[in-house]
Amino acid sequence: METPAVQYLSECFIRPKYTPEESKQPVYLAPWDVVAVFMHYMQKGFGFAWIAIFRRKISSFSVNTFPHYLFSSHTSNRYSNFSMKNDGKCNPNGTFVFAKSLAFDTDENQIQEFVQKLKESLSITLIHFYPLAGRLATQKKEENPSDLAFYIDCSEGPGARFIHASLDLTIDDITSPTHTPRIVGSLFDHGRSVNYAGHTKSLLTIQITELIDGIFIGCSMNHMVGDGTSLWHFLDSWSEIFKAEGRTSAISRPPVHDRWFPRGQHDPFLTLPFIHHDDHQVIISRDKANTWLDDITAVSKTPAHDGQHDPLLSHPLRDRNDQVIISIDDADTSPDDTIRERIFHFSPESVAKIKAKANAERNTTEISSLQALSAHLWRCIARARNFPSDRQTAFFTIMNVRSRLVPPMSQDCFGNYLEPAMATTGCGELLEQGLGWAAWLLHQAVINHSHEWINSWLQTPILPRRADEPDSNTVLLGGSPRFNMYGTEFGLGKPVAIRNGSGNKFDGKLIVSPGAEGGGSMDFEICLAPHAMASLECDRELMETVS
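Here's what I pulled together on the structure shown here. Here the structure is a predicted model, which is why all the values come from computation and not from measurement.

## Considerations on the packing of aromatic side chains
One pass over the structure, following the stated rule, counts 11 aromatic pairs. A ring pair is formed by phenylalanine 38 and tyrosine 196, whose centres lie 5.6 Å apart and whose planes are at 90 degrees; its orientation type is edge-to-face. One end of the pair, phenylalanine 38, is in the loop between helix H1 (31-34) and strand S3 (42-46); the other, tyrosine 196, is in the loop between helix H4 (171-175) and strand S9 (204-210), with 158 residues separating them in the sequence. Look at phenylalanine 129 and phenylalanine 414: their rings are 5.5 Å apart centre to centre, the planes differ by 65 degrees, and that puts the pair in the edge-to-face class. Of the two residues, phenylalanine 129 sits in the loop between helix H3 (108-128) and strand S6 (135-141) while phenylalanine 414 sits in the loop between strand S15 (392-400) and strand S16 (418-426), which places them 285 residues apart along the sequence. Of the two residues, phenylalanine 129 and phenylalanine 414, both sit in the buried class. A network of ring pairs unites the aromatic residues Phe129, Phe234, Trp238 and Phe414 as a single cluster. One Lys or Arg, lysine 117, reaches over the ring of phenylalanine 242 and ends 4.3 Å from the middle of that ring. The residue whose ring lies beneath arginine 391 is phenylalanine 387, and the NZ or CZ to ring-centre distance is 3.9 Å.

## With respect to the sheet that holds strand S19 (residues 509-514)
Spatial ordering of the open sheet is given by S14-S20-S19-S17-S15-S16, a layout of six strands whose pairing is mixed. Only two strands of the sheet have a single neighbouring strand rather than two, namely strand S14 (340-346) and S16. Pairwise comparison of adjacent strand axes, ignoring direction, gives a mean angle of 20 degrees for this sheet. The sheet contact formed by S19 and strand S20 (residues 522-528) spans six bridges and is antiparallel. Along S20, the bridge assignment pairs lysine 509 with cysteine 527. In the packing of helix H10 (residues 435-447) onto the sheet, the strands contacted are S15 and S16, and the crossing angle to S16 comes to about 145 degrees.

## A word on the packing of helix H7 (residues 348-362) against H10
Closest axis-to-axis distance for the H7/H10 pair is 7 Å, and the angle between their directions is 90 degrees. Viewed along their axes, H7 and H10 adopt a mutual orientation that is roughly perpendicular. Residues Ile354, Lys357, Ala358, Glu361 and Arg362 of H7 lie in contact with H10, whose contacting residues are Leu435, Gly436, Trp437, Ala439 and Trp440. Here the residues of the contact of H7 with H10 sort into six nonpolar, one polar and three charged.

## Concerning the nonpolar core
Burial of nonpolar side chains together is a common tendency in soluble globular proteins. Within the largest apolar cluster, 58 residues are counted, with the highest numbers of intra-cluster contacts made by Leu118, Leu122, Leu132, Phe162, Leu204, Ile206 and Trp238. In terms of residue count, the dominant contributor to this core is H3 (eight residues). The residues contacting tryptophan 238, other than those within four sequence positions of it, are Phe46, Leu118, Ser121, Leu122, Thr125, Ile206 and Phe490. One finds Ala358, Met399, Leu430 and Met522 within the second-largest nonpolar core, a separate group that totals 46 residues.

## Here's the deal with helix H8 (residues 369-385)
Between the first and last C-alpha of H8 there are 24 Å, a value that for 17 residues agrees with the 24 Å anticipated at 1.5 Å per step. In terms of residue burial, H8 counts as a mostly covered element, since 14 of its 17 residues are buried. In the stretch just after H8, asparagine 386 is the one whose phi turns positive, near 55 degrees.

## Here we look at the pattern of salt bridges
Scanning the model with the defined rule gives 17 salt bridges in all. Residue arginine 161 is joined to aspartate 189 by a salt bridge in which the shortest nitrogen-to-oxygen separation is 2.8 Å. With arginine 161 in strand S8 (residues 160-166) and aspartate 189 in the loop between H4 and S9, this residue pair connects regions lying 28 residues apart in the sequence. Overall, arginine 161 belongs to the buried group, its relative accessible area being 10%. With its nearest N and O atoms 3.1 Å apart, the salt bridge here joins glutamate 541 to arginine 383. In this pair, glutamate 541 sits in helix H13 (residues 540-543) while arginine 383 sits in helix H8, placing the two residues 158 residues apart along the sequence.

## Brief notes about unusual backbone geometry
Most of the time, phi is negative for any residue but glycine, and the peptide bond is trans. Notably, asparagine 363 is not glycine yet its phi reads approximately 55 degrees, a positive angle. As for its placement among the helices and strands, asparagine 363 is situated in the loop between H7 and H8. Under the relative-accessibility criterion, asparagine 363 is labelled exposed at 74%. The backbone of asparagine 504 sits at a positive phi, close to 60 degrees, despite the residue not being glycine.

## Focus: the packing of H7 against H8
Contact pair H7 / H8: the axes reach a minimum separation of 8 Å and the direction vectors enclose 85 degrees. Relative to H8, the element H7 lies roughly perpendicular. Contact residues: H7 offers Val351, Ile354, Lys355 and Ala358, while H8 offers Ser369, Ala372, Leu373 and His376.

## A short note on the side chain of threonine 397
Relative to the helices and strands, threonine 397 is located in strand S15. The buried category is assigned to threonine 397, whose relative accessible area is 16%. Among residues more than four places away in sequence, those in contact with threonine 397 are Glu419, Pro420, Ala421 and Leu477.

## Thoughts on the pairing of S8
Extensive coverage of S8 is indicated by the burial of seven of its seven residues. The side-chain alternation of S8 yields two buried faces, one formed by Ala160, Phe162, His164 and Ser166 and the other by Arg161, Ile163 and Ala165. Direction of pairing for strand S1 (residues 7-14) relative to S8: antiparallel, over a ladder of seven bridges. Note that in S8 the partner of phenylalanine 13 across the bridge is arginine 161. In terms of strand pairing, S8 meets S9 through six bridges, oriented parallel. Residue pairing for S9: serine 166 is matched across the bridge by glutamate 210.

## A short note on the side chain of aspartate 539
Within the element layout of this structure, aspartate 539 appears in the loop between helix H12 (530-536) and H13. For aspartate 539, a relative accessible area of 8% translates into the label buried. Non-local contacts of aspartate 539, meaning those with residues more than four positions away in its chain, are made with Cys380 and Arg383.

## Regarding the pairing of S15
The side chains of a regular strand alternate, residue by residue, between the two faces of the sheet. Where S15 and S16 come together, nine bridges link them in antiparallel fashion. From the neighbouring strand, phenylalanine 395 faces S16, where its bridge partner is alanine 423.

## Side note on the environment of valine 496
As for its placement among the helices and strands, valine 496 is situated in the loop between strand S17 (474-479) and strand S18 (497-499). Valine 496 sits in the partly exposed class, given a relative accessible area of 49%. Along the chain, valine 496 and phenylalanine 46 lie 450 residues apart, while their C-alpha atoms are 9.9 Å from each other.

Rules and cut-offs
- Residues numbered from 1 in each chain as written.
- Predicted model: local features only at pLDDT ≥ 70, side-chain atom pairs only at ≥ 80, totals over all residues.
- Heavy atoms only, no water.
- Phe/Tyr/Trp six-rings, centres within 6.5 Å; stacked < 30°, edge-to-face > 60°.
- Helix = DSSP H or I, 4+ residues; strand = E, 2+ residues; numbered from the N terminus.
- Buried < 20%, exposed > 50% of the residue type's maximum accessible area, 1.4 Å probe, protein only.
- Lys NZ or Arg CZ within 6 Å of the ring centre and 35° of its normal.
- Pairing = 2+ DSSP bridges.
- Axes fitted to C-alpha atoms, helices over the stretch in contact; angles between N-to-C directions.
- Contact = heavy atoms within 4.5 Å.
- Parallel < 35°, antiparallel > 145°, perpendicular 65-115°, else oblique.
- Nonpolar A, V, L, I, M, F, W, Y, C, P; charged D, E, K, R; others polar.
- Core = buried A, V, L, I, M, F, W, Y, C linked by side-chain atoms within 4.5 Å.
- Expected span 1.5 Å × (residues − 1).
- Salt bridge = Lys/Arg side-chain N within 4 Å of Asp/Glu carboxyl O.

None of this, on its own, says anything about what the molecule does.
Now the structure itself:
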């Protein structure tokens, strides 16, 4: 049976309810932010139970009028009629899913009321998180044109994008398949757009998709604006505002927008050329820097908007051999044909058992649950890939370094504060030495991590060319089991599932999140080449530990 397509019901752009004075100044991006320029948008999300939505009294906002700040002049006429449905494709992000009672007769007016309240509470939340309503821009240094700075222009652009859609499928159609189905990619905006497209595309999009028996809410955020900690800070705050029902616009944890610069607040400029991490080829050579910067700065001032041809992507970046590095085709590339994605659940009992085994083998108590479980998966993936024993393999743990800086930064600092901790060994040694040895390797990589990384990066800026070209020997861990994914529920109960989109996925990517039952449980979404995934699913050592 042919899978139905998403039907778009409406679209608008949402600005902050009022303009904070500080948003009138450019928000310059730090080196940690610029590293993500050619990566994909972050793709996470959340959802609600229909039954909870319609039983909850929603009375604080008028649904008869749509305030001026919810819409921009760029709002498409074809979305202005809520009864109009247009075939189309949308692109992936992350998701929370909530179920409704099949016996409950949903009322269209109540759905619209709920959606309207989401819009109004989002507009209030953007007062605090005003960079998410802006657009990226690029500035050249007058005395040295090969030096540039990226910044967020919070005064330009129509705002954050908000999409209301529907899909004639059930929650079970999306969550029950063993591997993440392709249709998940239709639940979100931006898909595999790279972050530098934020010069013309929204830095934040919320897409709400009605299902037969529930609702998806997918959130897509430009990774140059912030990391996962910043994303979940925003989502927690939005939930807080939503639950306040208009009584207050205050939030318990205001974000801190003063970004950390290793050279001081007044020097956000970086020197070209940028270097690709795999082969040290020049990404943007000095002789092409001025042309590229002229293109990108001109385009960033062009009043293009989402859903139209993106002029920035019509100027593909090329390396010194005139090979295209990034182009409009990359934004439409889906990983589904080259990788398989599957979520493996580890119960609290299973996590505790693996952690105890790893620590016992090393006669220590210092190995964490995440390090033990990561080592377990690293070994199982190496066995599934079946590489020669002398082949090197690497495991990257992406770390939140806010608390590790001197002086420490608040966890409420909005932006990117991520650094990679790397462990390497031979495939044969990894499998021969056992779980405890591998977990200790990961533990040492984390505790011995040096912040000299950022200083060396400034000497030779390294920009990953794009997220779908990793070393096939690599395993990279993103996400965190500490994020408040199931607590950001807008007062409507836990989601029944969490899903990630297709952005930043490749062979060897792991995404960890807390398990639904809490208690230290964890879910790992594993992305592997099809033959490796098939082998992993037959690995007895792994499958005996998952539920």
